[in-house]
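Notes for the structure review
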Amino acid sequence: MGAIVHLTAADGHRFAAYRADPIGEARGGVVLLHEIYGVNTHVRGLADALADEGYAVRVPALFDRAEKGVELDYSANGAEHGRSLRDAIGWDAPLKDIAACLIALRPFGKIAAIGESYGASLGWRAAHALPLAAAVLGSPGHLGEFARETPVCPVLIHFAARDPKTPADLRERVRGIPGVVAFDYDADHAFTCPQRPGFDLLATRAAERRTHEFLARHLG
């Protein structure tokens, strides 16, 4: 079980973050970026699982800039609320919160960003703008908007081949960017979340295996 801590971004914004630390020496740090549903039970469970693998994890509550304590369910109403918060804070301010997490995780060694959907799109931007050692992105639905912000660290992408937000031509274009490794899965958007209708167990297991191998390679 983790705990809620509070961090301060460079612009003075104070936000909550879920903290999950390993037992013993950490293998590295991970900034885990939530979907538009906030820091809910699914995301906290992912953080705890990464801590069990030996990583120090921080999950910034990115929506704190618009509304505190956001934890939404995977319903149409939840998605609508999350999208409104995403639009209210924009795409630049969250990078400041991610940067604050990087500072908090420095004592643990190299740091990666991991995100799904909204968090994956932010992870792509962070891989371009922040000093990350690696990034892992699942179903980055807004990648097309930011594809020109090429990463400066190794990036692993899990694409859902049936996701209309990442068509085949975009996937192929991104695959050609140096440092990017991408896999296609015969699945729908955000297929790794058991609480979403597109969940695919076999694809999730393959993505998890590749993620752990990638983290071990780039974080140590």
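Residues numbered from 1 in each chain as written. Predicted model: local features only at pLDDT ≥ 70, side-chain atom pairs only at ≥ 80, totals over all residues. Heavy atoms only, no water.

1. What to know about the overall build of the chain
A count of helical and extended segments in the chain gives 7 helices and 8 strands. Taken against the 2.2 N^0.38 rule, which gives 17 Å for 220 residues, the C-alpha radius of gyration of the chain at 16 Å falls within 12% of a compact globule. If you line up the chain on its principal axes, its C-alpha atoms span 40 × 40 × 30 Å. Classification of the 220 residues of the chain by burial places 57% in the buried group. Counting contacts in the chain only where the partners sit at least 6 residues apart, residues at least 24 apart contribute 66% of the total. Accessible surface computed for the chain: about 9,700 Å², of which carbon and sulfur atoms make up 53%. (Helix = DSSP H or I, 4+ residues; strand = E, 2+ residues; numbered from the N terminus. Rg over C-alpha atoms; globule rule 2.2 N^0.38 Å. Buried < 20%, exposed > 50% of the residue type's maximum accessible area, 1.4 Å probe, protein only. Contact = heavy atoms within 4.5 Å. Areas by Shrake-Rupley, 256 points an atom, 1.4 Å probe, with all protein chains shown as cover.)

2. A closer look at the packing of aromatic side chains
Scanning the model with the defined rule gives 5 aromatic pairs in all. For the ring pair Tyr37 and Tyr74, a centre distance of 4.4 Å and an interplane angle of 45° mean the geometry is tilted. With Tyr37 in the loop between strand 3 (28–33) and helix 1 (41–52) and Tyr74 in the loop between strand 4 (55–60) and helix 2 (76–89), the pair connects residues that are 37 residues apart, well separated along the chain. No difference in accessibility class separates Tyr37 from Tyr74, as the two residues are buried. Sitting over the ring of Phe183, Arg210 keeps its end group 3.8 Å from the ring centre. (Phe/Tyr/Trp six-rings, centres within 6.5 Å; stacked < 30°, edge-to-face > 60°. Lys NZ or Arg CZ within 6 Å of the ring centre and 35° of its normal.)

3. Points about the packing of helix 3 (residues 93–105) against helix 4 (residues 118–129)
In the contact formed by helix 3 and helix 4, the axes pass within 10 Å of each other and the chain directions differ by 75°. Judged on the interaxial angle alone, helix 4 and helix 3 are roughly perpendicular. Touching Pro94, Leu95 and Ile98 of helix 3 are Tyr118, Leu122, Arg125 and Ala126, all from helix 4. Grouping the constituent residues of the contact of helix 3 with helix 4 by class yields 6 nonpolar, no polar and 1 charged. (Axes fitted to C-alpha atoms, helices over the stretch in contact; angles between N-to-C directions. Parallel < 35°, antiparallel > 145°, perpendicular 65-115°, else oblique. Nonpolar A, V, L, I, M, F, W, Y, C, P; charged D, E, K, R; others polar.)

4. Some details on unusual backbone geometry
A positive phi is found at Ser117, a non-glycine position, where the angle reads about 60°. Residue position: Ser117 is located in the loop between strand 5 (111–116) and helix 4. Phi is positive for Ser139, which is not a glycine, with a value near 50°. For Ser139, the position within the fold is in the loop between strand 6 (134–138) and helix 5 (143–146).

5. Quick look at the sheet that holds strand 2 (residues 14–20)
Reading across from one edge, 1-2-4-3-5-6-7-8 is the order of the 8 strands in this open sheet, with mixed pairing throughout. Each edge of the open sheet is held by one strand with a lone partner, namely strand 1 (3–8) and strand 8 (180–185). Sheet twist, expressed as the mean angle between neighbouring strand axes with direction ignored, is 20°. Summarising the sheet, strand 5 and strand 6 pair through 5 bridges and their orientation is parallel. Paired with Gly115 across the bridge in strand 6 is Leu137. Against the sheet, helix 1 touches strand 2, strand 3, strand 4 and strand 5, its axis set at about 160° to strand 4. (Pairing = 2+ DSSP bridges.)

6. A look at helix 7 (residues 201–219)
An ideal rise of 1.5 Å per residue puts 27 Å on 19 residues; helix 7 measures up with 26 Å between its terminal C-alpha atoms. Residues of helix 7 that are buried include every one of Ala203, Thr204, Ala206, Ala207, Thr211, Phe214, Leu215 and Leu219, and no others. Looking down the long axis of helix 7, one finds its buried residues gathered within 165° of arc, a one-sided arrangement. Of the residues in helix 7, the exposed ones pointing more than 90 degrees away from the buried face are Leu202, Arg205 and Arg217. Regarding helix 7, its N-cap is Asp200, as a side-chain oxygen of that residue lies 3.2 Å from the backbone nitrogen of Leu202 further along. (Expected span 1.5 Å × (residues − 1). Arc of directions from axis to C-beta. Polar contact = N/O pair within 3.5 Å; in protein donor to acceptor, adjacent residues only side chain to side chain.)

By themselves, these are just geometric observations and shouldn't be taken as functional.
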